[in-house]
Amino acid sequence: MDSQEKVYIERLDYLEKSGALDRLAELRKESRELDNLLNDAVGLFALQEIDEMLAFVTSRLNDRFIPTRLAFLIELPDGSGIDAHCYRNMKPDEEAFPLSSYKALKAFFSDLPYTISRASLEERLAPEKLDEGILSYEPDWFIPMTGMGGLIGLVILGKKMVGEEYSPLERMYADRLIRFLAICIQNRLHRERSITDLKTGLYNNAFFMRRLNEELARMARGGSPSAIIMLDVDHFKHFNDTWGHLAGDEVLIGIARVLKKTVRSEDIPSRFGGEEFCILLTDCGEDLVMDVAERIRLAIAGMKVSYKGEELAVTVSIGGCPLDPSWHGEASGYIERADSALYRSKALGRNRCTVYRFGLLGRASARRELPSGDEATEAR
């Protein structure tokens, strides 16, 4: 062994004894984990739906460790409750999280938005703040989900199934991945607010008109036919005068629920304004418009709204209009035609459906059906 080799061996021995090599190995492992984290963040930001995001994060966490309990607690945008996505031993677990328990945690993490262990949290919070609603989740670590607007939720990690403690590297990965998740969820919620009506949860008028224009452009390129339906609650002013506007709001919310259940996921149900709703029916020919309209009308007529011990009911009048590729009109023209069909339904007695027919024959038929004078004015 020459002198140079002896020097190398002595230096290597020194590095091993000092722990520098172990630290270097840790840094390399941490660097690989950060690379994985960045790749996972890119995959996370590519997702559009919150359920997809949660499934993605759950799979990534389970690749590194398997917690006995895992819960994503996402605050509803209006602050009325918690959307809880819970897992027990890697399997989905249907469980509601008490809003009162979340509020206690929110107050704490709004001031200190950092990952914390259960033991540390118990030292900082009054014992009564960690009630049974929280302890039933068997928490080991709490990870706040913080976006630009503040705290939007929490992630609760139970103990690892293998019984080991979470390593610093595992906690680092979970903490940072949850930060990315919070940003993705907040972006999704902001987008939903920009295109939905806050009261009913349906799409708003602006989004409906944008989709209608897109559909007309698609049809102009030779796409399949579509249609729109417009509906209006019958005698809604009288209903509000009788039962109050809060009861009227419940009716609008109930109609929104019916529309979501009745139409397909690819259709666009929207609140057009006041008590008027509009639906874009994609891939729907003229022969099917009346069938869809009747199905909606009957579903709403059978709807019961509970309000202060009373079972309230309403009916709607509906007007439909097929989107005719041969008619090169603007989106507003189709709205006017659907509205005129809705007007005929009102004039003919309400609680019925009418479909606009293009051409002279259709207009002549509609004119014969309409009442005249005061009757027509009263129908509106």
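Residues numbered from 1 in each chain as written. Predicted model: local features only at pLDDT ≥ 70, side-chain atom pairs only at ≥ 80, totals over all residues. Heavy atoms only, no water.

**A few points about the pattern of salt bridges**
As a reminder, the rule being used: Take a side-chain nitrogen of Lys or Arg and a carboxyl oxygen of Asp or Glu: if they are within 4 Å of each other, that pair is a salt bridge. By the criteria applied, helices consist of DSSP H or I runs no shorter than four residues and strands consist of E runs no shorter than two, each listed in order from the N terminus. Burial here depends on accessible area, computed with a 1.4 Å probe over protein chains only, as a share of the maximum for the residue type. Under 20% is buried, over 50% is exposed, and the range in between is partly exposed.
Counted under the stated rule, the structure contains 25 salt bridges. Between R118 and E122 there is a salt bridge, and its shortest N-O distance comes to 3.1 Å. Note that R118 and E122 are positioned in helix α5 (residues 118-124) at a spacing of 4 residues, about one turn of the helix. What makes R118 partly exposed here is its relative accessible area of 27%. With its nearest N and O atoms 2.8 Å apart, the salt bridge here joins E286 to R357. Of this pair, E286 sits in helix α11 (residues 286-301) while R357 sits in the loop between β13 (353-355) and α13 (360-369), and the two are 71 residues apart along the sequence. Exposure remark for R357: the relative accessible area of 38% places this residue in the partly exposed category. Linked through salt bridges whose partners overlap, the residues forming this network are D40, R60 and R64.

**Side note on a nonpolar patch on the surface**
Applied cut-off: Patches draw on residues past 30% relative accessible area with no salt bridge. Two like charges within 9 Å are joined, as are two nonpolar side chains (Val, Leu, Ile, Met, Phe, Trp, Tyr) within 5 Å. Throughout, the Shrake-Rupley method with a 1.4 Å probe supplies accessible areas, and for residues the shown protein chains are the sole cover considered.
Together, I66, M90 and M161 make up an exposed nonpolar region whose accessible area comes to about 260 Å². Relative to the helices and strands, M90 resides in the loop between β2 (82-88) and β3 (91-92). Classification of M90 by relative accessible area gives partly exposed; the value is 45%.

**Section: the confidence of the model for the chain**
Using the following cut-off: For every residue, the predictor states its confidence as a pLDDT score lying anywhere from 0 to 100. Two residues qualify as a contact provided that any one of their heavy atoms is within 4.5 Å of a heavy atom in the partner residue.
Counting all residues, the mean pLDDT for the chain is 85, and 86% of those residues have values of 70 or more. Note on residues 373-380: pLDDT under 50 across the span, and 8 contacts to partners over four residues away in sequence or across chains.

**Let's talk about empty space enclosed by the protein**
Where we set the bar: We place a 1 Å grid over just the protein atoms. Points where a 1.4 Å probe fits but has no way out form a cavity, open points with protein on both sides within 12 Å along at least 5 of 7 lines form a pocket, and any residue with an atom within 4 Å of a point lines it. Grid points are joined across faces, edges and corners, and a volume is the space filled by probe spheres set on the points. In this count, Pro and Cys sit with the nonpolar residues alongside Ala, Val, Leu, Ile, Met, Phe, Trp and Tyr, while Asp, Glu, Lys and Arg are called charged and the others, Gly among them, polar.
The full count for this structure, using the stated rule, is 1 cavity of 30 Å³ or more. What the largest cavity holds in volume is close to 30 Å³. Forming the boundary of the largest cavity are T58, N62, P67, R69, L70, Y87 and M90. Mapped onto the lining of the largest cavity, the elements with two or more residues apiece are α3 (50-64) and β1 (69-75). Its residues placed into classes, the lining of the largest cavity shows 4 nonpolar, 2 polar and 1 charged.

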